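Chain by chain, the residues:
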Amino acid sequence: MPAEHEPEPGAVPEPARTPAPTRAAASAAPRPVPSWARKGDGDGADPGSADADEADGAKSRRFPSVTRDTARPEGGGRAAPGDAPAPARQWPMLAVLAATAAGLLITAVGHARGGCLLIGIAMIAGSLMRRLLPSVGMLAVRSRFTDMVTYGLLGVAITLLALVMEPKPWLDVPFLETAVRFTVR
């Protein structure tokens, strides 16, 4: 009977070989869920939050060199608890949309100044909500600063245009008449 192969004294044992994963096995592996898509209320207590990463031993807060998903804008979480109905969770966006729709309806009926004022005030209110509320749902589109500036500038511009609207403007801007006369008339 042949003797089994015994390692020589002083020899290093050979490591066990594992088969390389196949392409099918690699594609069947579960993909990581982006942090913004994980279950949670967006309050930082979910498993994908920075606090959980630090608890897991993450050492760097740097952005990855390769982007794998899109981050949700800050304040983009629900404006109400997750068990609330959808309209209650998105009340800031619905309030701005309702006021804008009412302004468009008022404009269509024949009161252009009043409708444009309502639209401008709705945009300014959206800017204020974006600044003051910690979570505004779908009203958060970009970063907080960009949303505030965008909504605020559009709201102020629409409101000012409604105030200087002819006939009988409510706001008299002295250089506006000269600029209009020089460019249009």
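Quick notes on the rules
- Residues numbered from 1 in each chain as written.
- Predicted model: local features only at pLDDT ≥ 70, side-chain atom pairs only at ≥ 80, totals over all residues.
- Heavy atoms only, no water.
- Helix = DSSP H or I, 4+ residues; strand = E, 2+ residues; numbered from the N terminus.
- Buried < 20%, exposed > 50% of the residue type's maximum accessible area, 1.4 Å probe, protein only.
- Contact = heavy atoms within 4.5 Å.
- Areas by Shrake-Rupley, 256 points an atom, 1.4 Å probe, with all protein chains shown as cover.
- pLDDT = per-residue confidence, 0-100.
- Core = buried A, V, L, I, M, F, W, Y, C linked by side-chain atoms within 4.5 Å.
- Lys, Arg positive; Asp, Glu negative; His and termini not counted.
- Salt bridge = Lys/Arg side-chain N within 4 Å of Asp/Glu carboxyl O.
- Polar contact = N/O pair within 3.5 Å; in protein donor to acceptor, adjacent residues only side chain to side chain.
- Axes fitted to C-alpha atoms, helices over the stretch in contact; angles between N-to-C directions.
- Parallel < 35°, antiparallel > 145°, perpendicular 65-115°, else oblique.
- Left-handed = near helix turned anticlockwise from the far one by under 90°.
- Nonpolar A, V, L, I, M, F, W, Y, C, P; charged D, E, K, R; others polar.

Novice: Would you explain the overall build of the protein in this entry?
Specialist: A tally of helices and strands in the protein yields seven helices and zero strands. When the helices and strands of the protein are read in sequence order from the N terminus, they spell out α-α-α-α-α-α-α. Of all 185 residues assigned to the protein, the portion counted as buried reaches 21%. Summarising the internal contacts of the protein: among those between residues at least 6 apart in sequence, 56% fall at separations of at least 24. Accessible surface for the protein amounts to roughly 14400 Å². Of this, 65% is attributable to carbon and sulfur atoms.

Novice: What am I meant to see in the confidence of the model for the protein here?
Specialist: Detail in the predicted coordinates should be disregarded across regions flagged by low pLDDT. Of the residues in the protein, 58% reach a pLDDT of 70 or more, and the chain-wide mean stands at 76. Ignoring residues within four places in sequence, the model shows residues 41-46, a span with pLDDT below 50, making 12 contacts including any to other chains.

Novice: So what exactly am I meant to see when it comes to the nonpolar core here?
Specialist: The nonpolar side chains of a soluble globular protein tend to be buried, and buried together. Within the largest apolar cluster, seven residues are counted, these being Val96, Met123, Met129, Val136, Leu139, Ala140 and Tyr151. Apart from residues no more than four positions distant in its own chain, Met129 is found in contact with Trp91, Pro92, Val96, Val136 and Leu139.

Novice: Hey, could you run me through the side chain of Arg113 in this one?
Specialist: You can see Arg113 is positioned in helix α5 (residues 112-132). Among buried charged residues, Arg113 stands out as having no salt bridge; its nearest opposite-charge side chain is Glu166, 6.8 Å away. Looking at Arg113, its side chain comes within polar contact range of the main-chain oxygen of Ala162, at 3.1 Å. Not counting residues within four places of it along the chain, the set of residues in contact with Arg113 comprises Ala162, Met165, Glu166, Pro167, Lys168, Pro169 and Trp170.

Novice: How do you make sense of the pattern of salt bridges when you look at a structure like this?
Specialist: Two side chains that carry opposite charge are able to pair once their charged atoms sit near each other. Per the stated rule, a full pass over the model turns up two salt bridges. Linking Asp147 and Arg130 is a salt bridge whose minimum nitrogen-to-oxygen distance equals 2.8 Å. Of the two residues, Asp147 sits in helix α6 (residues 144-163) while Arg130 sits in helix α5, which places them 17 residues apart along the sequence. In this pair, the class of Asp147 matches that of Arg130, namely buried. The partner of Asp147 in a salt bridge is Arg142, and the shortest N-O contact between them spans 2.8 Å. Residue classification places Asp147 among the buried positions, given a relative accessible area of 0%. Because the salt bridges share partners, they merge into one network encompassing Arg130, Arg142 and Asp147.

Novice: Can you walk me through the packing of α5 against α6 in this structure?
Specialist: Helix packing for two helices is described by the angle between their axes and how far apart those axes are. Interhelical geometry of α5 versus α6 gives an angle of 160 degrees and a closest axis separation of 8 Å. Between α5 and α6, the angle is such that the two are roughly antiparallel. Regarding α5 and α6, the two cross each other, and that crossing is left-handed. Residues Arg113, Cys116, Leu117, Ile119, Gly120, Ile121, Met123, Ile124, Gly126, Ser127, Arg130 and Arg131 of α5 lie in contact with α6, whose contacting residues are Arg144, Asp147, Met148, Tyr151, Gly152, Leu154, Gly155, Val156, Ile158, Thr159, Ala162 and Leu163. Of the residues belonging to the contact of α5 with α6, the class tally is 13 nonpolar, six polar and five charged.

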